[in-house]
Amino acid sequence: MYGSERIKNKRDGEDNNRKILLRMENIGKSFSGVKVLDDVSFDLKSGEVHILAGENGAGKTTLIKIIAGVHTDYEGEIWLEGQTVKFKSPHDAARKGISTIHQEMSLINSMSVEDNMFLGREKTHAGLWVDYHTQRNQVRSLLEQMEVDVAVSTLIEQCPLSVRQMIEIAKALVNEARIIIMDEPTSTLSDSEVSRLFEIIKNLKNKGCGIIYISHRLEEIYRIGDRVSILRDGRYIGTSTPQKLPPEDLIQWMVGRRISKHFPERSPLIGKECLKVENFFLPDPAGSKSWAVEDFSLCAHSGEIVGVAGLQGSGKSEFFNGLFGTYGRAAKGNIFLDGKPFNIQSPGDSINHGLALLTNERKNTGLIPFMSITRNVSLASLNKHSKWGWIRSQSEESAAAGHAKKLRIKARSLDQEIDTLSGGNQQKVVLAKWLETQPRVLLLNEPTMGVDVGAKHDIYALMNKWTAQGLAILLITSELSELLAMSDRIIVMHRGRRTAEYSGNEATQEKITRASMGETEI
Amino acid sequence: MTKNKLKTEISQKKWLRSPFIRAFAALVFVLLLGVIFNADGAFFKWDTHRDMLRHISVFAILGCGMTLVIITAGIDLSVGSILGLTAVLFSIFSLHNAWSPWVTIPACLIAGTACGVISGGLTARFKIQPFIATLAMMVFARGVAKWASGGQKISTAVLQPDGNYHYTPVPPIFNVLNSKILSDNIAVVTIIFLACIIICWIILAKLKLGRYIYAIGGNEEAARISGIPVFATKLLAYGMSGLFSAVAGICQAVQELQGDPEAGMTYELTAIAIVVIGGTNLMGGRGGIGLTFIGAMTIGYLEKILSINAVGEASRLMLTGTIIVGAVLFQKARR
């Protein structure tokens, strides 16, 4: 069965001039009897960006956790600059020059930027007193270099998501590591921040560092990758240089099947107006006296996907949350659902009126970690699945099974706890939860964040299917190509205000970028 | 062949990972201790088990409410004080005022529930941490108990205006609740405790309310965005804890035949221990009432075995502390 795969295994792009920093051979790893990595080999040279690609659940995260010393129980051998090593702990790996930028943020919310950066390796006088002076200077110069505008004493919980991600990156750099692992570092960054990150990566390469980079964004693979290795279902598929591996082949290596187009064809059937928002105001939820969203208006028709574009902090997420009632009655505006006026009250009330909100923070606001798939799916529509307060378990089980089939959720059993699933499958479960409420208007905030190519493709196809069934979708995504391909209309926000509106045909990357920077065109 | 092997391997591991099995193993361990140190066969007599069940009932009833609150990722420190307060109220109403139990019991249950609802409201509405809000209620309810009783134990001896004591007859409700049924084989309070377990099981496993409780404990923000009435659910969870504390208070009063304003001191800690030994996680979102039942049995048997072997109180406390840590470590080891 695996024979045909083996033939395809290639080792292209060998460049023997560079020193090999890290070599891993025949790595295997099992979790409770299930093999998640099987005979995987990998190496990293100094001064290169080696991309690790593959679908969610392919074993990339497990592999880097072995490198970072998180998993200490594995098969196979690791050489670090020619020496066999076996890390005892993440701390041990860090001391030997391996630094990881985690996908799941490893920052402590109640501590300051500075304290987080030096957590566990504080600069001290005589091993006792923390040398705040040196620490602070080092952090300041590093953040300045990265153009992150934040005071070192700010608490992490007060920083927006993108700043946290940059701090996460800075934390790995302050360690002066030789090997830096970046696990989807750009998923919460804006375009300009991504450019800055790539600038930083270039500097690191020049210094002779090796970078292991995990990404689900094809464009990044081609933009910064020197070599790319692909894993699928825990097995090594092959290594190549991006230049020799066109996107179609790359996707085929990753998914195991050929996906002709990244974005499925959209042929929208636009019906009558089902959401109208006028004069929408929302005070800054963080507490400053400014507006997060100011005099915003928008409409959406049944069958339509309306993209909402804007930079981080433009108020687009706040608009979604506010419209959905997350901030209660603080959000104000004239809102009409199917022509009927609608007063924002609470999430529960909005759900009853046919709104659904997929948030961009799956872990924090999307799923209940210890609950089963079934229970996560039925969570927002328990009224439907209960009678006189008693839950009808058959009803919720059959609903979950239906969604699992339609959304192609991969799981051993629907009674499995949701945090045992891969990111893409978790996202599908959260989507299923909202579909189960039978919404009229679906607010999707980053629906494909942290989701692999195959699942992304599935989600795009589902969005087309739902709109064909008469749903209206409002879409936020930080991937411009996704926004352009999927939206029938695009509305651009800047500092809480609306700056432009384009139809799907006339919108271009340049126009949207310009309008996001504040150029008005209405 | 390999696939089959893999499958059984997985199912074995899963079986070991079940918190129910782990809690049960701890209980079996304690029971084995009882079989070994059987105090000349005393451990094999049903009377020993009946007395253990009777003794643990009040704590276990508190543990029922505590379970609901802990699954919401909260804690209720006020259960012992509410027990004291309702024991005093029950005694005043039925011994001194000679009210009918049809009035007395609902009045006490309402008082207990009200205390719980207030602390629930404080945490849910004003975002006061559960530890602090229920700590305040713990102090406050104890104060009310002392004020209502004048700091005296409320017993059948009623002080008359002329300075003499008049002994009121014991109302039948005391005898009914403090009796043993099924030809003296099980105490009525134990039946009440089992009823509380069943009620909690229905709430947690069958009702929408239970699902809300788990969801809030698992991820409050996600629950809120999914349209779950977080405020009402928390109010109900803490209210229920107050209600169960009142039930426990009535049981305590009938057993002691008096209302002691000092009753229930440190009972909240035993109730928490019962929940935790069962394996319900203090972080919320995980656990269940079946675990609490096993936890109650574990602690109950442990104390009983130590007492039938005439272990002195000092050693008993030290051993209990050690074994609690042992049980929790044992459960963690398999995780």
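Predicted model only: the values in this text are computed from it and were never measured.

1. Points about the overall build of chain A
Looking only at helices and strands, chain A features 18 helices and 24 strands. The globule rule puts the C-alpha radius of gyration for 522 residues at 24 Å, and the 24 Å found for chain A is close to it. Dimensions along the principal axes, computed over C-alpha positions, put chain A at roughly 70 × 60 × 50 Å. In chain A, buried positions account for 46% of the 522 residues. The contacts in chain A between residues at least 6 apart in sequence include a share of 68% that link residues at least 24 apart.

2. Re unusual backbone geometry
Residue and element names in this part refer to chain B. A positive phi angle, close to 55°, is found at Ala98, a residue other than glycine. Position of Ala98 relative to the elements: it lies in the loop between helix H4 (79–96) and helix H5 (101–126). One non-glycine residue with positive phi stands out, namely Ala310, at about 55°. Its location among the elements puts Ala310 in the loop between helix H13 (289–308) and helix H14 (313–333). Using a count of 8 C-beta atoms within 10 Å as the deciding quantity, one classes Ala310 as exposed.

3. Concerning the environment of Gly325 of chain A
All names here are of chain A. Tracing the sequence through the fold places Gly325 in the loop between helix H10 (316–324) and strand S16 (332–337). Residue Gly325 is classed as buried on the basis of its 25 C-beta neighbours within 10 Å. Sequence separation between Gly325 and Glu273 is 52 residues; the distance between their C-alpha atoms is 21 Å. For Gly325, the contacting residues outside a window of four places in its chain are Ile344, Gln345, Ser346, Pro347, Asp349 and Ser350.

4. A short note on the packing of H5 of chain B against helix H11 (residues 230–256) of chain B
Between H5 of chain B and H11 of chain B, the shortest axis-to-axis distance is 6 Å and the interhelical angle comes to 145°. Relative to H11 of chain B, the crossing made by H5 of chain B is right-handed.

5. Overview of the confidence of the model for chain B
Mean pLDDT for chain B: 87, with 93% of residues reaching 70 or above. If you check the scores for this complex, the pTM reads 0.78 and the ipTM reads 0.81.

6. Concerning the domain arrangement of chain A
Taken domain by domain, chain A comprises domain 1 (3–97 + 177–255), domain 2 (106–176), domain 3 (273–354 + 439–516) and domain 4 (372–437). For domain 1 of chain A and domain 4 of chain A, the distance between their C-alpha centres works out to 34 Å.

7. Quick notes on the sheet that holds strand S13 (residues 273–283) of chain A
All names here are of chain A. Strand order in the open sheet formed by four strands is S14-S13-S16-S17, and the pairing between neighbours is antiparallel. Only two strands of the sheet have a single neighbouring strand rather than two, namely strand S14 (291–301) and strand S17 (340–342). The mean angle between the axes of side-by-side strands here comes to 15°, regardless of whether they run parallel or antiparallel. Where S13 and S16 come together, five bridges link them in antiparallel fashion. Bridging from a neighbouring strand, Phe281 pairs with Lys332 of S16.

8. Observations concerning the interface of chain B and chain A
Interfaces are often sized by the amount of accessible area the parts lose when they come together. The interface of chain B with chain A comprises 23 residues on the first partner and 26 residues on the second. Among the elements of the structure, helix H1 (2–17), helix H9 (208–218) and helix H10 (220–225) of chain B are those that each provide at least two residues to the side of chain B that touches chain A. The residue inventory of the side of chain B that touches chain A, partitioned by class, reads ten nonpolar, five polar and eight charged.

About the cut-offs
- Residues numbered from 1 in each chain as written.
- Chains lettered and ligands numbered in written order.
- Predicted model: local features only at pLDDT ≥ 70, side-chain atom pairs only at ≥ 80, totals over all residues.
- Helix = DSSP H or I, 4+ residues; strand = E, 2+ residues; numbered from the N terminus.
- Rg over C-alpha atoms; globule rule 2.2 N^0.38 Å.
- Buried ≥ 20, exposed ≤ 12 C-beta atoms within 10 Å, placed from the backbone.
- Contact = placed C-beta atoms within 7 Å.
- Axes fitted to C-alpha atoms, helices over the stretch in contact; angles between N-to-C directions.
- Left-handed = near helix turned anticlockwise from the far one by under 90°.
- pLDDT = per-residue confidence, 0-100.
- Domains from an automatic or database assignment.
- Pairing = 2+ DSSP bridges.
- Nonpolar A, V, L, I, M, F, W, Y, C, P; charged D, E, K, R; others polar.

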